[in-house]
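What the coordinates show
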Amino acid sequence: MSGQTSTLISNIGELMTQDAEHRVLKDAAVVMEGERISWIGATADAPAADRFVDAEGRAVLPGWVDSHSHLIFAGDRTAEFEARMAGQSYSAGGIAVTTGATRAASDDELRSLAAGRVAEAVSQGTTYLESKTGYGLDVENEARSARIAAETVDEVTYLGAHLVPAGADAEEYTDLVCGPMLDAVRPHVRWADVFCERGAFTEEQSRRVLAACREAGLGLRVHGNQLGEGPGVQLAVEFGAASVDHVNYLNDADIRALAGTWSKWDASTGTGERGTVATCLPACDLSTRQPLAPGRALLDAGVQIALAANCNPGTSYTSSIAFCVTTAVLQMHLSVHEAVRAATYGGALALGRESGNDVDGERAVGSIAVGHRADLHMLKAPSATHLAYRPGIPLTFAVWRAGERAV
Ligand SMILES: N=CN[C@@H](CCC(=O)O)C(=O)O
Ligand SMILES: [Zn+2]
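The rules behind each value
- Residues numbered from 1 in each chain as written.
- Chains lettered and ligands numbered in written order.
- Predicted model: local features only at pLDDT ≥ 70, side-chain atom pairs only at ≥ 80, totals over all residues.
- Heavy atoms only, no water.
- Near = heavy atom within 4 Å.
- Polar contact = N/O pair within 3.5 Å; in protein donor to acceptor, adjacent residues only side chain to side chain.
- Areas by Shrake-Rupley, 256 points an atom, 1.4 Å probe, with all protein chains shown as cover.
- 1 Å grid on protein atoms, 1.4 Å probe; cavity = no way out; pocket = protein on both sides within 12 Å on 5 of 7 lines; lining within 4 Å.
- Sits in = over half its atoms within 2 Å of the grid points.
- Nonpolar A, V, L, I, M, F, W, Y, C, P; charged D, E, K, R; others polar.
- Donors = N, O, S within 2.8 Å, 3.2 Å for Na, K, Ca; no water.
- Helix = DSSP H or I, 4+ residues; strand = E, 2+ residues; numbered from the N terminus.
- Buried < 20%, exposed > 50% of the residue type's maximum accessible area, 1.4 Å probe, protein only.
- Axes fitted to C-alpha atoms, helices over the stretch in contact; angles between N-to-C directions.
- Parallel < 35°, antiparallel > 145°, perpendicular 65-115°, else oblique.
- Left-handed = near helix turned anticlockwise from the far one by under 90°.
- Contact = heavy atoms within 4.5 Å.
- Points joined across faces, edges and corners; volume = space filled by probe spheres on them.
- Disulfide = S-S within 2.5 Å.

As a further point, take the site of ligand 1. Around ligand 1 lies a shell of 16 residues, among which Tyr90, Tyr135, His162, Gln226 and Thr315 are the nearest. The contact in question runs from an oxygen atom of ligand 1 to an N or O atom on the side chain of His70, over 3.3 Å. Take Tyr90: an N or O atom from its side chain is 2.5 Å from an oxygen atom of ligand 1. Bound to the protein, ligand 1 loses 100% of the 330 Å² it would expose on its own. A majority-of-atoms criterion places ligand 1 in the largest cavity. Within the shell around ligand 1, the residues separate by chemical class into 5 nonpolar, 10 polar and 1 charged.

In structure tokens, the structure reads:
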């Protein structure tokens, strides 16, 4: 025994572990000790613990792992949203509006806005969260965004290459992103991203950003194929990026290339060489009236996918992963198990956190197994199916984050 306080949750109607064997246990129990899961099994076999929670037949899932968001911003884009609903199409240019408001905000304002967004996400079952920078777009404001993000979320991604700011020369700005700006954010970030899209960064500029960030030791991701077919997916594959996100417009070669990255991965054990996760962002697709990403075709081709909220003021002002899961089942033709897996294990895979080390405490997230971080989401429902069966109903009953009761 670890000497830490243990908590037994028993009478779990459905325990959707999303572990390597994809186990779904009925009438199950889980024990947490400190921040880790220490036991899983049948309620009838459960050991004694210091504290006891009766799930009364409710379902328990891993907490959501939201692997794509943009939480460090100030200001409001309601007018742009209204114009879009009236028929205007989304363009990258709206990012500049948020950049102006973000630069004008104080550190304390940005910190409290970001913390409020994290609290909103946790209240809905999110227990592990990534955020990007990308609304500073100069050295000082990108460094500030990275620093505040590092204080607020679990994983930080540098997105200086979100938009070329007004008045800047695109090539000179790309040099800045690859040089002084990268140096300034580097202490605070683990990942780098580039918005490779019409109106944002070209293939060549994106390639330069990815090469410089890889050289600096950052893991890579790409915003790609959001507004039309383009080079984003192929670039992500070429650079061995951990994820390519959006993926709305894919041709057969894109899907084949992504599938190829998973050829040395054993999905039945969760071991081998990680490929490039395709991160689908259904709330964003609906809010921008883009076709939903082809999650079904990607899964059928053998690609590992993630579902994320993409919380940001322009294209997806929500932190509701439940909404994404509902949409993935109803509209993208994923099974409930596949959708929940993409929003838990899939997010963890996109962040390189799906496996861990029980000895030194680098704990896996996104699945329920002994030694993993005790991130649990109990639903006000007997099964995860209710997430799709009862669209729009808030189903979060309780949340534990690293073993601490958060909701
Ligand atoms: N696509 C690029 N970036 C964000 C939107 C940024 C904005 O419009 O503020 C996204 O993921 O959708
Ligand atoms: Zn995004």
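Distances from the zinc ion (ligand 2) to its protein donors, His68 (NE2), His70 (NE2), His223 (NE2) and Asn310 (OD1), fall at 2.0 to 2.7 Å. Written as a sequence motif, the donor residues of the zinc ion (ligand 2) are H-x1-H-x152-H-x86-N. Within this pair, whereas His68 is found in the loop between strand E6 (64-66) and helix H1 (78-85), its partner His223 is found in strand E10 (residues 219-224), the two being separated by 155 residues in sequence. The two residues His68 and His223 agree in class, both being buried.

Bringing the packing of helix H3 (residues 107-123) against helix H4 (residues 139-152) into the picture now. One way to put it is that H3 packs onto H4 with a least axis distance of 10 Å and a crossing angle of 40 degrees. Regarding the angle of H3 to H4, the classification is oblique. Where H3 crosses over H4, the handedness of that crossing is right-handed. Residues Asp107, Leu110, Arg111, Ala114, Ala115 and Val118 of H3 form the contact with H4, whose participating residues are Arg144, Arg147, Ile148, Glu151 and Thr152. Looking at the contact of H3 with H4 residue by residue, the class counts come to 5 nonpolar, 1 polar and 5 charged.

Let us now look at empty space enclosed by the protein. Summed over the entire model, instances satisfying the criterion amount to 2 cavities of 30 Å³ or more. Each pocket or cavity is described by its volume, and for the largest cavity that value is around 90 Å³. Looking at the largest cavity, it is lined by 14 residues, and the ones nearest its centre are His70, Tyr90, His162, Asn312 and Thr315. Among the residues making up the lining of the largest cavity, the classes are represented as 4 nonpolar, 9 polar and 1 charged. One number sums up the size of the second largest cavity: a volume of about 30 Å³. Taken together, Asp66, Ser69, Leu71, Arg117, Ala121, Leu129, Cys311 and Ser319 make up the lining of the second largest cavity.

To continue, consider the state of the cysteines. This model, assessed by the stated rule, comprises 0 disulfides. Cys213 provides the cysteine sulfur closest to Cys178, a residue in no disulfide bond, and the two sulfurs are 6.5 Å apart. With no disulfide of its own, Cys280 lies 10 Å from the sulfur of Cys324, the closest cysteine sulfur. You can call Cys280 buried: its relative accessible area is 0%.

Everything listed is a geometric property; what it means functionally is a separate question.
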